[in-house]
Amino acid sequence: MAADLGARGTARQATERPHPATDKAPLVLSGANVVMPTGTVEQGRLIVDGTRIAGAAPENAHHIDVTGHWLLPGFVDIHNHGGGGASFTSGTPEDVLKGIHTHRLHGTTTLVASTVTGDMDFLARRAGLLAELAEQGDIAGIHFEGPFISPCRKGAHSEELLRDPDPADVRRLVDAARGHATMVTLATELPGGIDSVRLLAERGVIAAIGHTDASYEQTVEAIEAGATVATHLFNAMPPLGHREPGPIAALLEDERITVELINDGTHLHPASLQLAFHHAGADRVAFITDAMDAAGFGDGRYMLGPLEVEVADGVARLVEGGSIAGSTLTLDRAFKRAVTVDRLPVEHAVAALSSNPAKLLGRYDRIGSLEPGKDADLLVLDSDFDLKGVMRRGEWVVDPQLG
Ligand SMILES: [Zn+2]
């Protein structure tokens with residue numbers, strides 16, 4: 001089927017000036033499998049004009065044949081601690097930009113920067129630094145993972161710095177982020193947990209249940225209070241038990257919850273991923289990297305907040321105790337794994353990597369699908385699902401060099 005995605009658009013007037021962001025000729029990418037919210041359009045075409053996806057091709061457009069390739073919306077990562085050797089929790093602004101760029105090279109065109117547990121004063125200062133990057137449009141917001149988490153499920157967070165989710169402390173971090181706090185991960189069963197969930201919901205910040213030792217009933221209570229995300233479902237929470245179903249059952253069964261999954265082949269057994277997709281459905285899963293500094297960089301010794309981490313064969317573990325300490329995943333790998341190893345339909349993988357997280361961030365009007373009027377954030381993949389091109393807001397971050 002040949003389709004023109006711009007059929008409903010109106011042609012630009014000849015007198016109209018080029019988009020101010022770029023003087024480049026509009027671009028028509030044609031012949032690809034274009035993954036749209038309604039399904040995949042075979043031999044479709046996509047028009048980029050300035051920084052946006054356009055509805056119709058102007059006469060001066062430059063045409064690129066991408067036959068045999070896939071065109072997907074850029075990936076959206078809502079949980080990411082760093083990459084390219086840089087940490088979002090401790091790096092300089094230049095380091096943070098380097099980490100963001102590393103993930104862009106791997107298809108992540110929208111990224112929420114995550115912090116790890118630290119001292120409250122440190123995290124408040126960090127929020128200020130990251131808020132500047134959010135104001136510049138480099139990141140889509142800030143995710144605080146810790147310090148309001150359970151010592152029983154602390155993972156790679158420093159135990160002595162953990163604290164109960166006192167709403168006053170939660171408010172302090174949200175305020176320090178100057179409107180750019182997007183998500184706070186909480187062990188909602190701790191004292192102050194439910195009040196903190198209510199506070200976050202009122203402030204329009206996602207309350208995410210994670211690093212938690214909550215029971216099924218306690219999790220239901222937190223969802224009723226306004227929590228909407230499960231931080232890396234299965235990891236850092238009690239396992240599913242037949243008499244004590246715990247948080248996993250409560251999070252999977254409630255339609256208000258989006259579940260994060262780390263699809264790197266290390267954090268989850270493939271059957272657990274299938275279980276989550278089966279129960280939550282493709283519209284309620286968000287693939288995340290939970291990446292640390294070594295993502296897109298290499299094995300070696302790193303720091304995750306105040307803790308030392310050894311990365312070997314791409315798996316990050318705490319030097320002390322051996323807990324898994326984030327991942328070295330990039331979302332291009334998560335996508336390829338989803339469609340080749342997990343055998344998910346391409347459209348479901350795209351939902352988990354683009355549209356669902358974009359909706360969660362309240363930005364689906366601008367990103368998360370390849371529809372006219374949205375930001376030209378798009379990916380070109382070959383027929384083996386290897387990433388060949390990355391465009392962000394109309395600019396090639398990785399030029400597919402196809403003509
Ligand atoms: Zn994390």
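The structure displayed is predicted, hence computed values, not measured ones.

Scanning the chain for helices and strands turns up nine helices and 21 strands. Against the globule reference of 22 Å for 403 residues, the chain gives a C-alpha radius of gyration of 21 Å, in line with a compact fold. Counting over 403 residues, the chain shows a buried share of 52%. By sequence separation, contacts in the chain at least 24 residues apart represent 69% of the contacts at least 6 residues apart.

All right, on to the sheet that holds strand β16 (residues 300–304) then. By way of backbone hydrogen bonds, the strands of a sheet pair with one another, either parallel or antiparallel. Pairing in this open sheet of three strands is antiparallel, and the strands run β16-β17-β18 from one edge to the other. On the outer flanks of this sheet lie β16 and β18 (315–318), each paired with one strand and no other. Strand-to-strand twist in this sheet, taken as the mean axis angle between neighbours without regard to direction, amounts to 35°. Strand direction decides the pairing type here: β16 and strand β17 (residues 307–312), joined by five bridges, are antiparallel. The residue of β17 that forms the bridge with Met303 is Glu308.

Another aspect to go through is the UniProt feature "binding site: Zn(2+)" (unreviewed entry) in the chain. UniProt annotation of "binding site: Zn(2+)" (unreviewed entry) refers to Glu145, His211 and His232 when read in the numbering used here. The greatest C-alpha distance among the annotated residues, which extend across 88 residues, is 11.1 Å, indicating that they converge on a single site. By the secondary structure assignment, Glu145 is in strand β10 (residues 141–145). Dropping the residues within four chain positions of it, Glu145 is found in contact with Ser114, Thr115, Val116, Thr185 and Thr231. Considering the arrangement of structural elements, one finds His211 in the loop between β12 (206–209) and α5 (216–225). Beyond its immediate stretch of four places on either side in the chain, His211 contacts Gly146, Ile149, Ser150, Arg153, Lys154, Gly155, His157, Thr185, Ala187, Thr231 and Ala236.

With that settled, consider the domain arrangement of the chain. Size of an interface: often given as the accessible area lost when the parts come together. One can read the domain layout of the chain as domain 1 (1–73 + 368–403) and domain 2 (75–360). Across the boundary between the two partners, domain 1 contributes 17 residues, which contact 19 residues of domain 2. Residue assignment for the side of domain 1 that touches domain 2 shows that the elements contributing at least two residues are β2 (39–49), β5 (70–73), β20 (387–392) and β21 (395–398). The dominant element in the side of domain 1 that touches domain 2, judged by the number of residues it contributes, is β20, at three residues. Class assignment of the residues belonging to the side of domain 1 that touches domain 2 gives a composition of 10 nonpolar, four polar and three charged.

The biggest cluster of nonpolar side chains holds 121 residues, and the ones touching the most others in it are Leu71, Val184, Ala208, Val259 and Leu353. Ranked by residues supplied to this core, first place goes to helix α9 (residues 346–360) with seven residues. Both domain 1 (1–73 + 368–403) and domain 2 (75–360) contribute no fewer than three residues apiece to this core. With residues near it in sequence (within four places) discarded, Val184 still touches Phe144, Val170, Leu200, Val205, Ala207 and Ala208.

Our next topic: the sheet that holds β10. Across the sheet, eight strands lie side by side as β6-β9-β10-β11-β12-β13-β14-β15; this open sheet has parallel pairing. Of all the strands in the sheet, the pair left with one neighbour each is β6 (75–80) and β15 (285–288). Relative to strand β11 (residues 181–186), β10 is paired through four bridges, and the arrangement is parallel. Paired with His143 across the two strands is Met183, which belongs to β11.

This brings us to the packing of α5 against helix α6 (residues 246–253). The contact between α5 and α6 brings their axes to 7 Å, and the two run at 40°. The hand of the α5/α6 crossing is right-handed. Contacts between α5 and α6 involve Tyr216, Thr219, Val220 and Ile223 from the first element and Gly246, Pro247, Ala249, Ala250 and Leu251 from the second. Class assignment for the residues of the contact of α5 with α6 results in seven nonpolar, two polar and no charged.

This next bit is on the UniProt feature "domain: Amidohydrolase-related" (unreviewed entry) in the chain. Per the UniProt annotation, the sites labelled "domain: Amidohydrolase-related" (unreviewed entry) are residues 71–397. Between the first and last C-alpha atoms of residues 71–397 the distance is 15 Å; the span itself is 32% helix and 23% strand.

Take the environment of Ile257 next. As for its position among the elements, Ile257 is in the loop between α6 and β14 (258–262). Along the chain, Ile257 and Val285 lie 28 residues apart, while their C-alpha atoms are 8.9 Å from each other. Contacts of Ile257, omitting those with residues within four sequence positions, involve Ile223, Thr228, Val229, Ala230, Leu251 and Arg284.

Where helix α2 (residues 120–135) contacts helix α3 (residues 167–176), the axes come no closer than 8 Å and their chain directions differ by 25°. The orientation of α2 relative to α3 falls into the category roughly parallel. Here Met120, Leu123, Ala124, Ala127 and Gly128 of α2 come into contact with α3, specifically with Asp169, Arg172, Leu173 and Ala176. Residues of the contact of α2 with α3, tallied by class, amount to six nonpolar, one polar and two charged.

Conventions and cut-offs
- Residues numbered from 1 in each chain as written.
- Predicted model: local features only at pLDDT ≥ 70, side-chain atom pairs only at ≥ 80, totals over all residues.
- Helix = DSSP H or I, 4+ residues; strand = E, 2+ residues; numbered from the N terminus.
- Rg over C-alpha atoms; globule rule 2.2 N^0.38 Å.
- Buried ≥ 20, exposed ≤ 12 C-beta atoms within 10 Å, placed from the backbone.
- Contact = placed C-beta atoms within 7 Å.
- Pairing = 2+ DSSP bridges.
- Axes fitted to C-alpha atoms, helices over the stretch in contact; angles between N-to-C directions.
- UniProt positions renumbered as here; feature names shortened; annotations may be inferred.
- Domains from an automatic or database assignment.
- Nonpolar A, V, L, I, M, F, W, Y, C, P; charged D, E, K, R; others polar.
- Core = buried A, V, L, I, M, F, W, Y, C linked by C-beta atoms within 7 Å.
- Left-handed = near helix turned anticlockwise from the far one by under 90°.
- Parallel < 35°, antiparallel > 145°, perpendicular 65-115°, else oblique.

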